[in-house]
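# Coordinates in review
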Amino acid sequence: MCFRSNLIASVFLFGTTLNAEQTIEKFTLSPSILEIEGDLAYGEYLASDCQTCHRADNSNQGIPGINGREIKEIVYALHEYKNKYRKNQVMQMMAGGLDDEEIAALASYFASLQ
Amino acid sequence: MSINRRSFIQTAAAVTASLATPMVMASGKPRVVVVGGGAGGATVARYIAKDSKGAIDVTLVEPSRTYYTCFFSNLYLGGFRDLGSIAHSYGNLASEYGVNVVHDWAVDIDGGGKTVSLAGGGTLNYDRLVLSPGIDFVDGAVDGWDLNAQNKMPHAYKAGSQTELLKAQLASMPEGGVFAMVAPPNPYRCPPGPYERISMIAHMLKKSNPTAKIIVADPKPKFSKMGLFQEGWANHYDGMIDWIGSDFGGGNVSVNPEAMTVSIDGEETKVDACNVIPAMKAGRICEMAGITDGNWAPVSAHDMSSKVDSNIHVLGDASAQGDMPKSGFSANSQAKVAAMAIRGALTGSKVFPAKFSNTCWSLVDTNNGVKVGATYKATDEKIAKVDGFISKTGETADVRKATYEESVGWYAGITADMFG
Ligand SMILES: Cc1cc2nc3c(=O)[nH]c(=O)nc-3n(C[C@H](O)[C@H](O)[C@H](O)COP(=O)(O)OP(=O)(O)OC[C@H]3O[C@@H](n4cnc5c(N)ncnc54)[C@H](O)[C@@H]3O)c2cc1C
């Protein structure tokens, strides 16, 4: 993975709900990571673990709804948690257990939802 | 136990043969019966029904029409929630997902004939059975206490009327009265549960009865999130809580529910309210199915199937699976793995490697939440921990408030994930 190339200021949609544990920092991902095509079926299975907290009806109640966000936003957010650029212990742990393909799969799936 | 071993062995060969290919039932759709409509059972029923899109017939057997979550029942004791807010019905599972909800007790399982007998007299046939019956108490675990004493000294470890009773008894304690808890030995449902409960009771008494005392007799030398709870107790409820661990005789306990006394290491104390949380075991139906080893039902980590009978899956508190704590979050996570595996076996849908996660939030005082969590993977031996975290002592009020708010979001999320 290469974080230094191609400085892109990403959009931090996950950070829009106020959470004292979350901060916004600069972080970049290499195009090769962003280009991974997510496996929708695998994403659907992996997403079931997320949907314990991120509600399937997309409502915000202490934890943000994440349906329908753009693939790139989700990929960024998860890599940022994984690399501890964003602070939230639960999300750092959950993202920490995902590899690049799994992150791509989840992003494709959540982006496909309403 | 009613499994006829001989017929079980006779049918085993046929069962194995039919499992080699995805099962297509000549007589109609494959059938899944789920016993227990709690964190594990409601989730697995919903996911199988939802994701099989009608290809699998799902029946959920649960005696209660209303499920009171144990999670957040301590917040009810603390005055942060009303009872109605932790009550859930099975209406959506039936109307939105087509789950056949049967309000009855499963009283027997015949693993050979693949049938479940109901207290009401009916029998259900299954291709796969899921048991998620939660816990029962080990007989004789606390000297002087049995289920007949549960109205005098409630356990409140199955939520609902027991929780209501404990709350009423706490509210009617005399000024400066004594509340005692007998804490359970490991392993038990919700490791931080008794200590969150102590925090919530202290919060409530501090307002209504500030000179009251709380005694905890504990058969363990240490407990989940101990540093965090002890920090909170010192900061918020100083001098109110006397925790007596096993190093100080906390495991040497007897109770007298008639006299309302508790004896800890030979010293008898008169109490005004008492919460006895005895040692636990898998819900009794697991014994009837003949799938327990000791107090719990061992399962394969890959699909939560019983190590005794691979057509029976066991979820949640009742299972012996390895490293996951017995929590609602764990049961819900295990349910999704089992749902995927069962759909795969019955309809040939794709099966991915099992992944699990858990986080347990606890409330220490108003806007003061703490959490512990971990991720897990399936190994051939057990569900094995991969990574984890725990809140730190000395965190800022903002962090603790955010943690509490997150727990409120989790509660709304998991109950929607269970009941639709
Ligand atoms: C005070 C307290 C606080 C808790 N807090 C948390 C928390 O904050 N977070 C968390 O994740 N977990 C928490 N838990 C733990 C959580 O409640 C359990 O781990 C979870 O409910 C286990 O799910 P389960 O499906 O195994 O059993 P349950 O949810 O108990 O469901 C079992 C169901 O099976 C039914 N049943 C039993 N036998 C039969 C039968 N023979 N036939 C038909 N139905 C049957 C019962 O009626 C019940 O509805 C807490 C527990 C307690 C006691």
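Computed from a predicted model, the values in this text were never measured in an experiment.

Moving on to the overall build of chain B. What chain B contains, in helices and strands, is ten helices and 24 strands. What you see for chain B is a C-alpha radius of gyration of 22 Å, in line with the 22 Å of a compact globule of 420 residues. Here the C-alpha coordinates of chain B stretch approximately 70 × 45 × 40 Å along the principal axes. Buried residues in chain B amount to 58% of all 420 residues. Summarising the internal contacts of chain B: among those between residues at least 6 apart in sequence, 68% fall at separations of at least 24.

We now examine the interface of chain A and chain B. Residue-level contacts link 26 residues of chain A with 43 residues of chain B. Between chain A and chain B, a total of about 2,500 Å² is buried, with carbon and sulfur atoms accounting for 58% of that surface. Measuring nitrogen to oxygen at the nearest pair gives 3.9 Å for the salt bridge that ties Asp39(A) to Lys350(B). For the interface between chain A and chain B, the tally reads twelve residue pairs in polar contact (both at pLDDT 80 or more). Breaking the side of chain A that touches chain B down by element, the ones donating at least two residues are α2 (40-50) and α4 (89-96) of chain A. Counting residues per element, the side of chain A that touches chain B draws most heavily on α2(A), at seven residues. Partitioned by chemical class, the residues of the side of chain A that touches chain B number eleven nonpolar, nine polar and six charged.

In this section: empty space enclosed by the protein. Applying the stated criterion across every chain yields a total of one cavity of 30 Å³ or more. At the level of elements, β22 (355-365), β23 (368-378) and α10 (397-419) of chain B are the ones that each hand at least two residues to the lining of the largest cavity.

Attention now moves to the site of the ligand. Residues and elements named next belong to chain B. Glu62, Tyr67, Ser132, Arg189 and Asp317 are the nearest of the 35 residues found near the ligand. In this structure, an oxygen atom belonging to the ligand sits 2.6 Å away from a side-chain N or O atom of Arg189. One of the backbone N or O atoms of Phe329 is found 2.9 Å from an oxygen atom in the ligand. Protein contact buries 93% of the 1,000 Å² of open area that the ligand shows by itself.

All names here are of chain B. Pairing analysis gives four bridges linking strand β15 (residues 261-264) to strand β16 (residues 267-270), with the strands arranged antiparallel. The residue of β16 that forms the bridge with Ile264 is Glu267. Hairpin connection between β15 and β16: a loop of two residues separates the two successive antiparallel strands, and Asp265 in this loop has a positive phi of roughly 50°.

What follows concerns the packing of aromatic side chains. Scanning all chains against the criterion turns up 22 aromatic pairs over all chains. Arranged with centres 5.8 Å apart and planes meeting at 65°, the rings of Tyr109(A) and Phe110(A) form a pair that is edge-to-face. Across the pair, exposure class does not vary: Tyr109(A) and Phe110(A) are buried alike. Plain terms: the ring middles of Tyr195(B) and Phe229(B) are 6.3 Å apart, the flat faces sit at 50° to each other, and that makes the pair tilted. Separated by 34 residues along the polypeptide, Tyr195(B) in helix α6 (residues 193-208) and Phe229(B) in helix α7 (residues 226-236) bring together distant segments of the chain. Using a relative accessible area of 0% as the deciding quantity, one classes Tyr195(B) as buried. Look at Phe229(B) and you get buried, because its relative accessible area is 0%.

Turning our eyes to something else, we now look at the packing of helix α3 (residues 71-82) of chain A against helix α5 (residues 100-112) of chain A. Residue and element names in this part refer to chain A. At a minimum axis separation of 8 Å, α3 and α5 run at an interaxial angle of 140°. Between α3 and α5, the crossing angle belongs to the class labelled oblique. Between α3 and α5 the crossing geometry is right-handed. Between α3, through Ile71, Ile74, Val75, Leu78, His79 and Lys82, and α5, the contact on the second element is made entirely by Asp100, Ile103, Leu106, Ala107, Ser108, Phe110 and Ala111.

What counts as what
- Residues numbered from 1 in each chain as written.
- Chains lettered and ligands numbered in written order.
- Predicted model: local features only at pLDDT ≥ 70, side-chain atom pairs only at ≥ 80, totals over all residues.
- Heavy atoms only, no water.
- Helix = DSSP H or I, 4+ residues; strand = E, 2+ residues; numbered from the N terminus.
- Rg over C-alpha atoms; globule rule 2.2 N^0.38 Å.
- Buried < 20%, exposed > 50% of the residue type's maximum accessible area, 1.4 Å probe, protein only.
- Contact = heavy atoms within 4.5 Å.
- Buried area = accessible area lost by both parts, 1.4 Å probe.
- Salt bridge = Lys/Arg side-chain N within 4 Å of Asp/Glu carboxyl O.
- Polar contact = N/O pair within 3.5 Å; in protein donor to acceptor, adjacent residues only side chain to side chain.
- Nonpolar A, V, L, I, M, F, W, Y, C, P; charged D, E, K, R; others polar.
- 1 Å grid on protein atoms, 1.4 Å probe; cavity = no way out; pocket = protein on both sides within 12 Å on 5 of 7 lines; lining within 4 Å.
- Points joined across faces, edges and corners; volume = space filled by probe spheres on them.
- Near = heavy atom within 4 Å.
- Areas by Shrake-Rupley, 256 points an atom, 1.4 Å probe, with all protein chains shown as cover.
- Pairing = 2+ DSSP bridges.
- Phe/Tyr/Trp six-rings, centres within 6.5 Å; stacked < 30°, edge-to-face > 60°.
- Axes fitted to C-alpha atoms, helices over the stretch in contact; angles between N-to-C directions.
- Parallel < 35°, antiparallel > 145°, perpendicular 65-115°, else oblique.
- Left-handed = near helix turned anticlockwise from the far one by under 90°.

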